[in-house]
Amino acid sequence: MPVLLEDYQKNFLELAIECEALRFGSFKLKSGRISPYFFNLGLFNTGKLLSNLATAYAIAIIQSDLKFDVIFGPAYKGIPLASIVCVKLSEIGGSKFQNIQYAFNRKEAKDHGEGGNIVGASLDGKRILIIDDVMTAGTAINEAFDIIGKEKGQVVGTIIALDRQEVVNLDDKERLSATSVVSKKYNIPVLNIVSLSHVIGYLETRMGDEEKQEIEKYLEVYGA
């Protein structure tokens, strides 16, 4: 059954391929696995690309109907994401998103001025949505939970651009992906703009049979 893509998801994937944020070939990942594709959200690096990226995140968030007060972006990649998506939500999300705040952490706590390692909104007593690019092993999300917990915030969900749908540990009998592990551990939804299933569905409508087959072979081994 082909995975249906919404217009914002198609637009996101088209731009990702155009700017080479999504590339196909042979790539060695940090885990040591050889992947037939590589995703680098940092290549959404122009005004046009960032605006479209923010729109895709915003639509995914709006459609989820998740209730939150603050978007938190873990340093470093999460910092621009939190700010641009906060702006886009206020533009297209209607009145209930006008007062959404954003915050991010410093890598090193500031010891002068107001001090601390949180920039932007206070997290104390707030419902927090964590934003990031991808989730490979869940390490960055775990660190974000620790930071938010110390600031007395409550994480109600997280959103990423791409869910690789890839098993974290091959010895795991449940074959859980990083997103499933995080969702189960913290009892929160893990939202995404697209999953790898969407990428495969997109390739089915384009000249991408070879890329699609390589990804499917990779998923036979590493798929969650």
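Bear in mind that the values here come from a model prediction, so they are computed numbers and not experimental data.

Cut-off values and rules
Note that residues are indexed from 1 along each chain, following the sequence as it is written. Reporting in this predicted model follows two pLDDT cut-offs: at least 70 for local features of residues, and 80 or more for side-chain atom pairs to be given and counted; totals over whole chains, interfaces and linings ignore these cut-offs and use all residues. The basis for every side-chain value is the complete set of non-hydrogen atoms in the structure, without hydrogens or water. Helix and strand assignments follow DSSP, with helices taken as H or I runs no shorter than four residues and strands as E runs no shorter than two, numbered in order from the N terminus. The definition of a polar contact used here is a pair of N or O atoms within 3.5 Å, where within protein one atom must be able to donate a hydrogen and the other to accept one, and adjacent residues in sequence count solely through side-chain atom pairs. It only takes one pair of heavy atoms within 4.5 Å for two residues to be counted as in contact. The term nonpolar core refers to a set of buried residues drawn from Ala, Val, Leu, Ile, Met, Phe, Trp, Tyr and Cys, joined through side-chain atoms within 4.5 Å. Exposure classes here rest on a 1.4 Å probe applied to the protein chains alone. A residue is buried below 20% of its type maximum, exposed above 50%, and partly exposed in between. Between N-to-C directions, angles span 0 to 180 degrees; the directions come from axes that are lines fitted to C-alpha atoms, helices contributing only their stretch in contact. To sort the angles, those under 35 degrees are grouped as roughly parallel, those over 145 as roughly antiparallel, those from 65 to 115 as roughly perpendicular, and the leftovers as oblique. Crossing handedness is read from the near helix: turned anticlockwise from the far helix by less than a right angle, it gives a left-handed crossing, and turned clockwise, a right-handed one. Only Asp, Glu, Lys and Arg are considered charged, only Ala, Val, Leu, Ile, Met, Phe, Trp, Tyr, Cys and Pro nonpolar, and every remaining residue, Gly among them, polar. A cavity here means a set of 1 Å grid points, computed over protein atoms only, where a 1.4 Å probe fits but cannot escape. A pocket is an open set with protein on both sides within 12 Å along at least 5 of 7 lines, and lining residues have an atom within 4 Å of a point. Grid points are joined across faces, edges and corners, and a volume is the space filled by probe spheres set on the points.

1. Regarding the side chain of Arg33
Along the chain, Arg33 falls in the loop between β1 (22–28) and β2 (34–39). A polar contact of 3.3 Å, which involves the side chain of Arg33, links it to the backbone oxygen of Val168. Not counting residues within four places of it along the chain, the set of residues in contact with Arg33 comprises Phe27, Lys28, Glu166, Val167, Val168, Leu170, Tyr218 and Tyr222.

2. Observations concerning the nonpolar core
One finds Phe12, Leu41, Phe44, Tyr57, Phe68, Ile71 and Ile193 to be the most contacted residues of the largest nonpolar core, which totals 46 residues. Mapped onto this core, the elements with two or more residues apiece are α1 (7–18), β2, α2 (47–64), α3 (78–92), β6 (127–131), β7 (154–163), β8 (190–195) and α6 (196–204). Ignoring anything within four residues of it in the chain, the contact list for Ile193 reads Tyr8, Gln9, Phe12, Leu53, Ala56, Tyr57, Ala60, Ile160 and Ala161. With 20 residues, the next largest nonpolar core counts Ile118, Ile128, Ile188 and Val190 among its residues.

3. Concerning the packing of α6 against helix α7 (residues 209–222)
Each pair of packed helices can be summarised by the angle the axes make with each other and by the distance between the axes. At their nearest, the axes of α6 and α7 sit 9 Å apart, and the two run at 150 degrees to each other. Relative to α7, α6 is oriented roughly antiparallel. Considering how the two elements wind past one another, α6 and α7 form a crossing that is left-handed. In this structure, α6 uses Leu196, Val199, Ile200, Leu203 and Glu204 to contact α7, whose residues at the interface are Glu211, Lys212, Ile215, Glu216 and Leu219. In terms of residue class, the contact of α6 with α7 is made up of 6 nonpolar, no polar and 4 charged.

4. Concerning the layout of surface pockets
Volume-wise, the largest pocket comes out at about 810 Å³. Around the largest pocket sit 28 residues that line it, and Lys30, Asp133, Val134, Thr136 and Ala140 are the ones nearest its centre. Mapped onto the lining of the largest pocket, the elements with two or more residues apiece are β2, β4 (101–110) and α4 (139–150). The dominant element in the lining of the largest pocket, judged by the number of residues it contributes, is α4, at 6 residues. Counted by class, the lining of the largest pocket contains 15 nonpolar, 6 polar and 7 charged residues.

5. Some thoughts on the side chain of Ser177
Residue placement: Ser177 occurs in the loop between β7 and α5 (178–186). The class for Ser177 is buried, based on a relative accessible area of 5%. A polar atom in the side chain of Ser177 sits 2.9 Å from the side chain of Thr179. Aside from chain neighbours lying at most four places away, what touches Ser177 is Gln165, Glu166, Val167, Val168 and Ala224.

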